[in-house]
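Coordinate analysis (summary)
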Amino acid sequence: MRTMTLWRPTGPEELELVRRSGFTAWPPRLPEQPIFYPVLNEDYAVKIARDWNVPASGVGYVTRFEVDAEFAGRYPVQQAGGETILELWVPAEDLDEFNRHIVGLIEVVHEFRPE
């Protein structure tokens, strides 16, 4: 099976829910979050975690995980800014199925705190 590497910047609350899953699944979206959007590049994830999650929550994390590439192909890659600002847009109602296609564990690869 071919996999696709994705990154997800996250704050402490979401990461705690991931930890409770055994680092195997993302938690359901909140009602005001209709899309789950992992990103396709680590630098973009770092920027969000450092520049948005740290001011909002006091800490920002970057996670990395693999997903079945054939399954992930059903979701459009969205360019959310510059040419490297790429996200996979997964509707909230698909998240349970998306989680079943994660291969291996969700890993924390960076942690950022205020300077």
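Just so it is clear, the model here is predicted, and its values are computed rather than measured. Each residue is numbered by its place in its chain's sequence as written, counting from 1. With pLDDT at 70 or above as the cut-off, local features in this predicted model cover only qualifying residues; side-chain atom pairs require 80 or more to be listed or tallied, and sums for whole chains, interfaces and linings still use all residues. Hydrogens are left out, water is left out, and the side-chain values use all remaining heavy atoms of the structure.

**Notes on the packing of aromatic side chains**
What counts is decided by this rule: Any pair of Phe, Tyr and Trp rings, taking the six-membered ring for Trp, is counted once the centres come within 6.5 Å. Such a pair is stacked with planes under 30 degrees apart, edge-to-face with planes over 60 apart, and tilted for the rest. Note on conventions: DSSP H or I runs of at least 4 residues are helices, E runs of at least 2 residues are strands, and numbering of each starts at the N terminus. Burial classes follow relative accessibility: with a 1.4 Å probe on protein chains only, a residue under 20% of its type's maximum area counts as buried, one over 50% as exposed, and anything between as partly exposed.
For the coordinates displayed, the defined rule picks out seven aromatic pairs. Their ring planes at 55° and their centres at 6.3 Å tell us that Phe-71 and Phe-98 sit as a pair that is tilted. Taken together, the residues span a long stretch of sequence, with Phe-71 in helix α3 (residues 69-72) and Phe-98 in helix α4 (residues 95-100) at a distance of 27 residues. Summarising the burial analysis for this pair, Phe-71 and Phe-98 share the class buried. Among the aromatic residues, those joined into a cluster by ring pairs are Trp-26, Phe-36, Phe-65, Phe-71, Tyr-75 and Phe-98.

**Description of the nonpolar core**
The criterion, for reference: Buried residues of nine kinds, namely Ala, Val, Leu, Ile, Met, Phe, Trp, Tyr and Cys, make up a nonpolar core once their side-chain atoms join them within 4.5 Å.
Counting 18 residues, the largest nonpolar core has Trp-26, Phe-65, Leu-88 and Phe-98 as the members making the most contacts within it. Of all elements in the fold, only α1 (12-20), β3 (60-68), α3, α4 and β7 (102-112) reach the threshold of two or more residues within this core. Broken down by element, this core gets its largest block of residues, three residues, from β3. Counting residues in each nonpolar core, the second largest holds eleven residues, with Trp-7, Ala-45, Val-46 and Ala-49 among its members.

**Details of the side chain of Asn-41**
The test is simple: Think of a polar contact as two N or O atoms within 3.5 Å of one another; within protein, one of them needs to be a possible hydrogen donor and the other a possible acceptor, and neighboring residues in sequence only count if both atoms come from side chains. Should any heavy atoms of two residues lie within 4.5 Å, those residues are counted as being in contact.
Turning to its location among the elements, Asn-41 is positioned in the loop between β2 (35-36) and α2 (42-57). Engagement of the side chain of Asn-41 in a polar contact is seen with the backbone nitrogen of Asp-43, the distance being 2.9 Å. Setting aside residues up to four positions removed in sequence, Asn-41 forms contacts with Trp-7 and Thr-84.

**Some words on the sheet that holds strand β1 (residues 3-10)**
Backbone hydrogen bonds hold the strands of a sheet together, and the pairing may be parallel or antiparallel. Put simply, the test is: Paired strands are those between which DSSP finds at least two bridges. Under this scheme, a helix contributes an axis fitted over its contacting stretch, all axes are lines through C-alpha atoms, and angles between N-to-C directions fall in the 0 to 180 degree range.
Pairing within the open sheet is antiparallel, and its three strands lie in the order β1-β3-β7. What marks the edges here is a single partner per strand, and that holds for β1 and β7. Each strand of the sheet is rotated relative to its neighbour by a mean of 20°, with strand direction disregarded. Pairing between β1 and β3: eight bridges, direction antiparallel. Along β3, the bridge assignment pairs Met-4 with Val-67. Across the sheet, α1 touches β1, β3 and β7, and the angle it forms with β1 is around 135°.

**Let's talk about the environment of Pro-27**
Mapped onto the elements, Pro-27 comes out in the loop between α1 and β2. Along the chain, Pro-27 and Ala-92 lie 65 residues apart, while their C-alpha atoms are 10.0 Å from each other. Excluding its chain neighbours within four sequence positions, the residues that come into contact with Pro-27 are Glu-14, Leu-17, Val-18 and Leu-95.

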